[in-house]
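Chain residues, written in single-letter form:
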Number of protein chains: 2
Amino acid sequence: MTVDHPGSEGAGSPLPARRDTRLDPYIGTYAERTHGMTASAVRALFAVANRPEVVSLAGGMPNIADLPLESLGGAIARLVAEHGTRAMQYGAGQGEPVLRAQICEVMAEEAISAHPDDVVVSVGSQQGLALLTQVFCDPGDVILCEAPSYVGALGVFRTYQTQVVHVAMDADGLDPIALREAIASCRAAGKKIKFIYTIPNFHNPAGISQPLERRREILAIAKSEGILIVEDNPYGLLGFDSEPTPAIRSLDDGAVVYLGSFSKTFAPGFRIGWILAPHAIKEKLVLAQESATLCPPVFSQYTISAYLQNFDWRGQIKKSRELYRERRDAMLAGLQAHMPPGTSWTRPGGGFFVWLTIPAPLDAEAMLPRAVTARVAYVPGNAFYADGLGTRHMRLSYCLPTPDQIIEGTRRLAEVMGNELSINAIFSNPGRPRALHPYEAPGPDQR
Amino acid sequence: MTVDHPGSEGAGSPLPARRDTRLDPYIGTYAERTHGMTASAVRALFAVANRPEVVSLAGGMPNIADLPLESLGGAIARLVAEHGTRAMQYGAGQGEPVLRAQICEVMAEEAISAHPDDVVVSVGSQQGLALLTQVFCDPGDVILCEAPSYVGALGVFRTYQTQVVHVAMDADGLDPIALREAIASCRAAGKKIKFIYTIPNFHNPAGISQPLERRREILAIAKSEGILIVEDNPYGLLGFDSEPTPAIRSLDDGAVVYLGSFSKTFAPGFRIGWILAPHAIKEKLVLAQESATLCPPVFSQYTISAYLQNFDWRGQIKKSRELYRERRDAMLAGLQAHMPPGTSWTRPGGGFFVWLTIPAPLDAEAMLPRAVTARVAYVPGNAFYADGLGTRHMRLSYCLPTPDQIIEGTRRLAEVMGNELSINAIFSNPGRPRALHPYEAPGPDQR
């Protein structure tokens, strides 16, 4: 047991130092913001996901095995031999002009009209989020996020000591009524709202999408309230059932900062994403990028540029869509076949994730070690909330395992849940006390 | 003329908005830290440096034309074909274990004994600096830096709203007496010193190095005062005249955080550097890296790992040293032949840079446009000071131009200086008033 000795850190104190002080001699010297830097559930699960006997429904790693690796290797070899002295040199902080022009072509697939001057290349979309937060947020500033929201974004927002205010979703994504209420409530409390962070397509982790009309409503609210929208869109081109819905950015170029990525449509190992921002914001982002890295990886940019120029990238995305659709279907079939009564889930029209709501009194976080023992992994729902809620949910990903593995994974998971429910029934365990919160009822779409 | 109207930003004010408010509609919404984010002199010069008629002695771009590009391309092609699904996937936030082990071998060249677990891969050494500053510094915290210091580090330190306190250098680098004085003076003023930032080898921009005995002195001061040393060492293996001096980190593994980079010894376009840190600090850095980028570029890491494994990287560095030595000799010969009386400069034993002190009343910043008109570029000394001093200095780099270009560059520069001095003599222009500061006299070594 650790006893807290008041004043034990003072110089010359006769009392022994606290144990954590002894373990880390630098503990008094870190910045305030390090208190918010904690290991995410996703990180801890990387190790688990790598064990071959576990079916991991946890990670968000894309399938890249079907890329034309042989010919891609050849293209990169030519790139090095012919343009190596530029591709391997320092580059512009904003990113390479040729790639920025190609990025505009990619965005045109979602009805965005943009100029390469307004694009800033980032070290994956994650760094785009970090740069934006660095440019906009002082400690205590509010960011409005869907409930639930992307775990990596919540990590960045914590690192910059912001306050995340969650806003409920309904079957069509971010709920306009809840959004208005959240804005009014923050303003009444004298808080500064810096932006609305939203994932309109195939939401991570909720697996639902905003129809065009909903996007218009959210944009209208943001504009009337003078609040910027940050539209995070890594999955927009990975829809299974229809043409891409126009991006929010396609409806307005002054009120929206758009984040894109090649991690899901090509490969994440190059760490190339981008930010499309209004001119004045773009200028700040370039300075932030220069301070952070001097320039984003030049060789990665040349490689992706060569890929976009010499390969049928649209055809490749189409192939990926077919593959992920088959896996989504396997997951929905597996859940339908195996899940105990009282379980519900979203039916994503694209992307990588299904959001599962499990019956009371199950707790997804508490159950995880037993699930891993039963050789299936997932991400507990509370990873996607800034406030510890979400333990009656879990994120299941179908992007990397095969259809057979996915179905087996849902079977194992259902078995674990069934066992937990039986034990709970025997001992009448009421489960751990849970806070009630408006945005957990009804939660995301559970059609 | 802009007239400031008090209260003109209030809602419903009848007065016109200030001009900058009109230009940037988001101006009231940025974070405080953006006030410190300004374009560096080095950035503005990238455009100039690219014009073919200008001899650029400004940039710090390494020579990579002599790398074995053809066979390197082949090695990367095999990497993609055989290991593409791992090399192009997400990876560990800390960096790939194989590369971290190889990095320990590279550091052994400078007498460092380290474990791969204590290495964190960064997006170039620049991002290593950014992560460290993020982990240690709250706004207002003090960082002790050499006078002058690396422009990119000063940019990061500004972004995190720290206070840079410069410490004088002498012929052997960071001056221990000045260091003790700076520490005492900061502490007397109640300021928190977070670390000493030093570049012990072939200093950028000063071009001087700390002998082993000086390193011991600085380390002893840091340890007795309980202040961490951040040792930034991109050029350590690029010495011309002798074996590498043992790194400060080789003398102590608890009081030093070491920053390394492949940008100067291999190629900067992959954006791979590293941080070697005591265990507890390393843990914080990994969390900061995950928040910033999820993981550093995996493909770059695999590429560098393949290069270290399959190529004679020690032999390649030896070749680079010969090339840079020849260019250093050309620069020293050019300066000797052309510079007007009253000019002095450092004689680097390695690395990329010479630090020039120009005669009063010349002002390196004011003179730059005329130098560029005369087709020679450099970085004015004030870029390397956090406080605007340094205009009687300039950084000259010899890493990229050929020996003939370097000699011609020094001739053009000397001509510009000669013209300026003549005009000044005619008009008895006393030059712009300059602050005197202890660390500008005697300034870095001018042997």
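Residues numbered from 1 in each chain as written. Chains lettered and ligands numbered in written order. Predicted model: local features only at pLDDT ≥ 70, side-chain atom pairs only at ≥ 80, totals over all residues. Heavy atoms only, no water.

**A look at the overall build of chain A**
Step number 1: Counting its regular elements, chain A contains 13 helices and 14 strands.
Step number 2: A total of 447 residues make up chain A; the buried ones form 60% of that total.
Step number 3: Across chain A, the fraction of contacts at a sequence separation of at least 24, relative to all contacts at a separation of at least 6, is 75%.
Step number 4: Carbon and sulfur atoms form 54% of the exposed surface of chain A, whose accessible area is close to 16800 Å². (Helix = DSSP H or I, 4+ residues; strand = E, 2+ residues; numbered from the N terminus. Buried < 20%, exposed > 50% of the residue type's maximum accessible area, 1.4 Å probe, protein only. Contact = heavy atoms within 4.5 Å. Areas by Shrake-Rupley, 256 points an atom, 1.4 Å probe, with all protein chains shown as cover.)

**Looking at the sheet that holds strand β3 (residues 142-147) of chain A**
Residues and elements named next belong to chain A.
Step number 1: Ordered in space as β2-β9-β8-β7-β6-β3-β4-β5, the 8 strands form an open sheet in which the pairing is mixed. Because the sheet does not close on itself, it has two edges, and the strands there are β2 (119-123) and β5 (173-174).
Step number 2: Note that strand β4 (residues 163-170) and β5 share 2 bridges and pair antiparallel. Residue pairing for β5: D170 is matched across the bridge by G173. (Pairing = 2+ DSSP bridges.)

**Observations regarding the nonpolar core**
One recurring pattern in soluble globular proteins is that nonpolar side chains are buried together.
Step number 1: Ranked by size, the top nonpolar core spans 246 residues in total, and within it M88(A), F157(A), Y197(A), M88(B), F157(B) and Y197(B) carry the most contacts.
Step number 2: Not counting chain neighbours up to four residues away, the residues in contact with F157(A) comprise L129(A), T133(A), I143(A), C145(A), T162(A), V164(A), F195(A) and Y197(A). (Core = buried A, V, L, I, M, F, W, Y, C linked by side-chain atoms within 4.5 Å.)

**With respect to helix α3 (residues 69-87) of chain A**
Step number 1: Here α3(A) is 19 residues long, yet its end C-alpha atoms lie only 20 Å apart, well below the 27 Å a rise of 1.5 Å per residue gives.
Step number 2: Buried within α3(A) are the following residues: L69(A), L72(A), G73(A), A75(A), I76(A), A77(A), L79(A), V80(A), G84(A) and A87(A).
Step number 3: Along its buried surface, α3(A) packs onto α10 (298-310) of chain A together with α3 (69-87) and α10 (298-310) of chain B. (Expected span 1.5 Å × (residues − 1).)

**Things to note about the UniProt feature "domain: Aminotransferase class I/classII large" (unreviewed entry) in chain A**
Step number 1: Within this numbering scheme, the UniProt entry marks residues 68-408 of chain A as carrying the feature "domain: Aminotransferase class I/classII large" (unreviewed entry).
Step number 2: The span residues 68-408 of chain A is 44% helix and 17% strand, and its two end C-alpha atoms sit 29 Å from each other. (UniProt positions renumbered as here; feature names shortened; annotations may be inferred.)

**Points about the relation of the copies chain B and chain A**
Step number 1: Superposition record for chain B on chain A: RMSD 0.0 Å, screw rotation 180 degrees, translation along axis 0.0 Å. A rotation of that kind, with that shift, is consistent with a two-fold axis. Minimal C-alpha distance to the rotation axis in chain B is attained by A77(B), lying at 2.7 Å.
Step number 2: The fraction of interface residues of chain B whose copies in chain A are also interface residues reaches 100%, indicating that both copies meet through the same surface. (Least-squares fit on C-alpha atoms with pLDDT ≥ 70 in both.)

**Quick notes on the interface of chain B and chain A**
Step number 1: Tallying the contact residues gives 78 residues for chain B and 78 residues for chain A.
Step number 2: Summed over both sides, the interface of chain B with chain A buries roughly 6400 Å², with 63% coming from carbon and sulfur.
Step number 3: Ranking the residues of chain B by area buried against chain A places Y26(B), M88(B) and Y90(B) at the top, with a combined share of 12%.
Step number 4: Here chain B and chain A share 0 salt bridges between them. (Buried area = accessible area lost by both parts, 1.4 Å probe. Salt bridge = Lys/Arg side-chain N within 4 Å of Asp/Glu carboxyl O.)

**Focus: the sheet that holds strand β3 (residues 142-147) of chain B**
Residue and element names in this part refer to chain B.
Step number 1: Spatial strand order, β2-β9-β8-β7-β6-β3-β4-β5: 8 strands in an open sheet with mixed pairing. Where the open sheet ends on each side, the last strands, each with one partner, are β2 (119-123) and β5 (173-174).
Step number 2: Taken together, the 4 bridges between strand β7 (residues 228-232) and strand β8 (residues 256-261) define a ladder with parallel strand orientation. Pairing of I229 across the sheet is with V256, part of β8.
Step number 3: Sitting on the sheet, helix α7 (residues 176-188) is in contact with β3, β4 (163-170), β5 and β6 (193-198), with an inclination near 155 degrees to β4. (Axes fitted to C-alpha atoms, helices over the stretch in contact; angles between N-to-C directions.)

**Here's the deal with the pairing of β4(A)**
Residues and elements named next belong to chain A.
Step number 1: Among the 8 residues that make up β4, 6 are buried, leaving the element largely enclosed by the rest of the structure.
Step number 2: Direction of pairing for β3 relative to β4: parallel, over a ladder of 6 bridges. From the neighbouring strand, L144 faces β4, where its bridge partner is V165.

**Observations regarding the side chain of S261(A)**
Residues and elements named next belong to chain A.
Step number 1: Assignment of secondary structure puts S261 in strand β8 (residues 256-261).
Step number 2: In this structure the side chain of S261 is engaged in a polar contact, spanning 2.9 Å, whose partner is the backbone nitrogen of S263.
Step number 3: Excluding residues that lie within four positions of it along the chain, S261 makes contacts with S125, P234, I272, G273 and W274. (Polar contact = N/O pair within 3.5 Å; in protein donor to acceptor, adjacent residues only side chain to side chain.)

**Examining the packing of α3(A) against α3(B)**
Step number 1: Two elements in contact, α3(A) and α3(B), have axes whose closest approach is 8 Å; the angle formed by their N-to-C orientations is 155 degrees. One element, α3(A), and the other, α3(B), form an angle in the roughly antiparallel class. The chirality of how α3(A) crosses α3(B) is right-handed. Contacts between α3(A) and α3(B) involve L69(A), E70(A), L72(A), G73(A), G74(A), I76(A), A77(A), V80(A), A81(A), G84(A) and T85(A) from the former and L69(B), E70(B), L72(B), G73(B), G74(B), I76(B), A77(B), V80(B), A81(B), G84(B) and T85(B) from the latter.
Step number 2: Its residues assigned to classes, the contact of α3(A) with α3(B) shows 12 nonpolar, 8 polar and 2 charged. (Parallel < 35°, antiparallel > 145°, perpendicular 65-115°, else oblique. Left-handed = near helix turned anticlockwise from the far one by under 90°. Nonpolar A, V, L, I, M, F, W, Y, C, P; charged D, E, K, R; others polar.)

**Observations concerning the confidence of the model for chain A**
Residues and elements named next belong to chain A.
Step number 1: Confidence in the prediction of chain A, expressed as mean pLDDT, is 90, and 88% of residues score 70 or more.
Step number 2: For residues 1-21, every residue scores under 50 in pLDDT, and the model assigns this stretch 14 contacts once sequence neighbours within four places are set aside.
Step number 3: Low pLDDT, under 50, characterises residues 440-447; the stretch is placed with 23 contacts to residues that sit more than four places away or in other chains.
Step number 4: Reported for the predicted complex are a pTM of 0.91 and an ipTM of 0.91. (pLDDT = per-residue confidence, 0-100.)

**Some words on unusual backbone geometry**
Step number 1: In this model, A360(A) is joined to P361(A) through a cis peptide bond whose omega is 0 degrees.
Step number 2: Topologically, P361(A) is positioned in the loop between β11 (353-357) and α12 (364-373).
Step number 3: Between A147(B) and P148(B) the backbone carries a cis peptide bond, its omega angle lying at 0 degrees.
Step number 4: Relative to the elements of secondary structure, P148(B) occurs in the loop between β3 and α6 (151-159).
Step number 5: Of note in this structure, F202(A) is not a glycine but carries a positive phi near 50 degrees.

**What to know about the pattern of salt bridges**
Residues and elements named next belong to chain A.
Step number 1: Taken as a whole and assessed by the stated rule, the structure comprises 34 salt bridges over all chains.
Step number 2: For the salt bridge of R51 with E53, the shortest nitrogen-to-oxygen distance reads 3.4 Å.
Step number 3: Residue R51 is classed as partly exposed on the basis of its relative accessible area, which comes to 40%.
Step number 4: Of the charged contacts, one joins E283 and K282 as a salt bridge, the two residues approaching to 2.9 Å between their closest N and O atoms.

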